[in-house]
Amino acid sequence: MIENIRLNLQRVIDESYDILIGYGLLENIPLDLKRNPLGNKYAIITDSNLKDLYGEKLLERFREENLNACLIDVPAGEESKSLDTVGYLVGKLLENNLDRKSAVIALGGGVVGDLSGFTASIFMRGIPYIQVPTTLLAQVDSSIGGKTAVDTIEGKNLIGAFYQPKKVYIDPSLLKTLPKREFISGLAEVIKYGVIYDRKFFEYLEKNINEIKRLNEEKLLHIIRTSCIIKKSVVEEDPRDENKRAILNYGHTPAHALERLSGYKCLHGEAVSVGMRISGWIAVRKGFWSLDEWERQNRLIESFGLPLEMDFEIEEFIKALYYDKKVEGGTLMFVFPKCIGEMASINGKYKIPVSEKELRIFLRELVNN
């Protein structure tokens, strides 16, 4: 005789949160958290480059508001996005007496955001965390949507969790101290939003290239706000990346392979811009997209000073593609534009298979073009 005991765990979870955007916002974060507390103590996690630039000042503001806080830094760079660093951070959180009622504040770019969010997701089975992105790429993309992860030797973001922040504070004035190369890198994700979702936004970018590159406050605020709204809309529709959210990864399948092959020496946005050229070309050759629009995308990428090419050996590149999380059943999956502002789908599915044979042909054409 078999006895069955059923454990019922159905529940509705509200993971909604506010994304606040404004110049000078950084200084007001402690006051806002004093009025709307998210923890009994706050651990500000940042990197070695930002510790003196913004970390110490933010810690001082917490103290001025009589809020309990500490500052923890990790070495700047992709190498810190590892399980070893997670172990280090957990030790530091315990050393600073953080508990289940405490909260983490991720002050930095995508590496710090991903790393801090993942650490928060597993520390004492999960404590709240807050995103304070300091790079354009993080402000328009990685700080929103709750994807947290670390890298392994095999590839990027292979160990992670969906874990939404409790709040996101975006201060565009922080971009004034961002190295130019990193600012330009972030524009790859901004261009991506125009291609995958919003044709008018793509046209806006085409018309305002110089003002955006000069960090014009009005234009910068507009591209950050619009990018956040687009990502918000896609994440709301597909929070756990089951279908539609895959469009946010346009260009990223080749990009992750390129980053891996470069030993992570190229910036993420630089790899994404090359990845959009590669993915876009495959879309053209498979009949999803027009050649004219692919060339128009590439002109905009180039106009912002982003690369369109990187050196790679085709067989090594294809091998590296298999470490991408979108591989399904051993088949390489891509997302493709249908036109600027809309992505292609087959039977309602946005991830589209590409065979190795096709890929080799298309890559040879692109390399020899």
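The structure displayed is predicted, hence computed values, not measured ones. (Residues numbered from 1 in each chain as written. Predicted model: local features only at pLDDT ≥ 70, side-chain atom pairs only at ≥ 80, totals over all residues. Heavy atoms only, no water.)

### Re the side chain of S279
Test applied: Numbering of helices and strands runs from the N terminus, with a helix taken as a DSSP run of H or I at least four residues long and a strand as a DSSP run of E at least two residues long. Accessible area is worked out with a 1.4 Å probe on protein chains only. A residue is then buried under 20% of its type maximum, exposed over 50%, and partly exposed in between. Residue contacts are defined here by distance: any two heavy atoms, one from each residue, within 4.5 Å place the two residues in contact.
By secondary structure assignment, the location of S279 is in helix α11 (residues 268-285). The class for S279 is buried, based on a relative accessible area of 1%. Contact partners of S279, with chain neighbours within four places excluded, come to Y250, G251, P254, F334, V335 and F336.

### Observations regarding the packing of helix α10 (residues 252-261) against α11
Rules: Here an axis means a line fitted to C-alpha atoms, over the contact stretch when the element is a helix, while the angle between two N-to-C directions is reported on a 0 to 180 degree scale. Every angle not falling under 35 degrees, over 145, or within 65 to 115 is termed oblique; those three ranges are roughly parallel, roughly antiparallel and roughly perpendicular. With the far helix as reference, a near helix turned anticlockwise by less than a right angle produces a left-handed crossing, and one turned clockwise produces a right-handed crossing. Side-chain classes follow a simple rule in which Ala, Val, Leu, Ile, Met, Phe, Trp, Tyr, Cys and Pro form the nonpolar group, Asp, Glu, Lys and Arg form the charged group, and the remainder, Gly included, forms the polar group.
Running from amino to carboxyl end, α10 crosses α11 at an angle of 130 degrees, the nearest separation of the two axes being 7 Å. By the criterion of interaxial angle, the relationship of α10 to α11 is oblique. Between α10 and α11 the crossing geometry is right-handed. Across the interface between the two elements, H252, P254, A255, H256, L258 and E259 from α10 touch H268, A271, V272, V274, G275, I278 and S279 from α11. Looking at the contact of α10 with α11 residue by residue, the classes come out as 7 nonpolar, 5 polar and 1 charged.

### As for the packing of helix α6 (residues 180-196) against helix α9 (residues 217-237)
At a minimum axis separation of 10 Å, α6 and α9 run at an interaxial angle of 50 degrees. As the angle between them shows, α6 and α9 are arranged oblique. The element α6 and its partner α9 pack so that their crossing is left-handed. Between α6 and α9, the contacting residues are F183, L187, V190 and Y193 on the first element and L220, I223, S227, I230 and K231 on the second. Looking at the contact of α6 with α9, its residues break down into 7 nonpolar, 1 polar and 1 charged.

### Quick notes on α11
Quick reminder of the rule: The length a helix should cover is 1.5 Å for every residue beyond the first.
The end-to-end C-alpha separation of α11 is 25 Å, in line with the 26 Å expected for 18 residues at 1.5 Å each. For α11, a buried count of 17 out of 18 residues is recorded, marking the element as mostly surrounded by other parts of the structure. Just past α11, the residue G287 takes up positive phi, approximately 85 degrees.

### Examining the nonpolar core
Filter applied, for reference: Joining through side-chain atoms within 4.5 Å is the link that ties buried Ala, Val, Leu, Ile, Met, Phe, Trp, Tyr and Cys residues into a set, and such a set is a nonpolar core.
Membership of the largest hydrophobic core comes to 72 residues, with the highest contact counts inside it found for L187, I191 and I223. Those residues in contact with L187 that sit more than four places away from it in its chain are L136, I212, I223, F304 and L306. Counting 21 residues, the second largest nonpolar core, distinct from the first, contains L25, L26, L58 and L67.

### Brief notes about the sheet that holds strand β8 (residues 167-170)
Selection criterion: Two strands pair under a simple rule: DSSP has to find at least two bridges between them.
If you trace the 6 strands from one edge of the open sheet to the other, you get β1-β8-β5-β4-β2-β3, paired in parallel fashion. Either end of the sheet is taken by a strand with one partner, and the two such strands are β1 (18-21) and β3 (69-74). The mean angle between the axes of side-by-side strands here comes to 20 degrees, regardless of whether they run parallel or antiparallel. Direction of pairing for strand β2 (residues 42-47) relative to strand β4 (residues 103-108): parallel, over a ladder of 4 bridges. For I45, the partnering residue across the bridge sits in β4 and is A106. Contacting β2, β3 and β4, helix α3 (residues 83-95) runs over the sheet at an angle of about 160 degrees to β3.

### Section: the packing of aromatic side chains
Each aromatic ring pair is characterised by the separation of its centres together with the angle its planes make. The test is simple: Under the pairing criterion, centres of Phe, Tyr and Trp rings, with the six-membered ring standing for Trp, must be within 6.5 Å; the plane angle then separates stacked pairs below 30 degrees from edge-to-face pairs above 60, leaving the rest tilted. The criterion for a charge sitting over a ring is simple: Lys NZ or Arg CZ within 6 Å of the ring centre, and within 35 degrees of the ring normal.
One pass over the structure, following the stated rule, counts 6 aromatic pairs. For the ring pair Y42 and F62, a centre distance of 5.5 Å and an interplane angle of 45 degrees mean the geometry is tilted. In this pair, Y42 sits in strand β2 while F62 sits in helix α2 (residues 50-64), placing the two residues 20 residues apart along the sequence. Take Y42: its relative accessible area is 1%, and that puts it in the buried class. Feature note: the residues F288, F334 and F336 constitute an aromatic cluster, connected by ring pairs. Directly above the ring of Y193 sits K192, whose terminal nitrogen or CZ lies 4.6 Å from the centroid. Geometry around Y323 places R260 over its ring, the cationic atom sitting 4.0 Å from the centre.

### Observations concerning the environment of D324
Looking at the secondary structure, you find D324 in the loop between α13 (314-321) and β9 (332-334). In this structure D324 touches H252, T253 and H256, once residues within four positions along its chain are discounted.

### Quick notes on the pattern of salt bridges
Quick note on the threshold: Salt bridges are counted wherever a side-chain nitrogen of Lys or Arg sits within 4 Å of a carboxyl oxygen of Asp or Glu.
Overall, the coordinates contain 29 salt bridges when judged by the stated rule. A salt bridge links K192 to D141, with the nearest nitrogen and oxygen atoms 3.4 Å apart. Pair noted here: K192 is in helix α6 and D141 is in helix α5 (residues 136-142), with a separation of 51 residues, a long-range link. Salt-bridge contacts for D241 lead to K147; the nearest nitrogen and oxygen are separated by 2.8 Å. Of this pair, D241 sits in the loop between α9 and α10 while K147 sits in strand β6 (residues 147-150), and the two are 94 residues apart along the sequence. Residues participating in the shared-partner salt-bridge network are E78, K81, D114, D151, K156 and E259.

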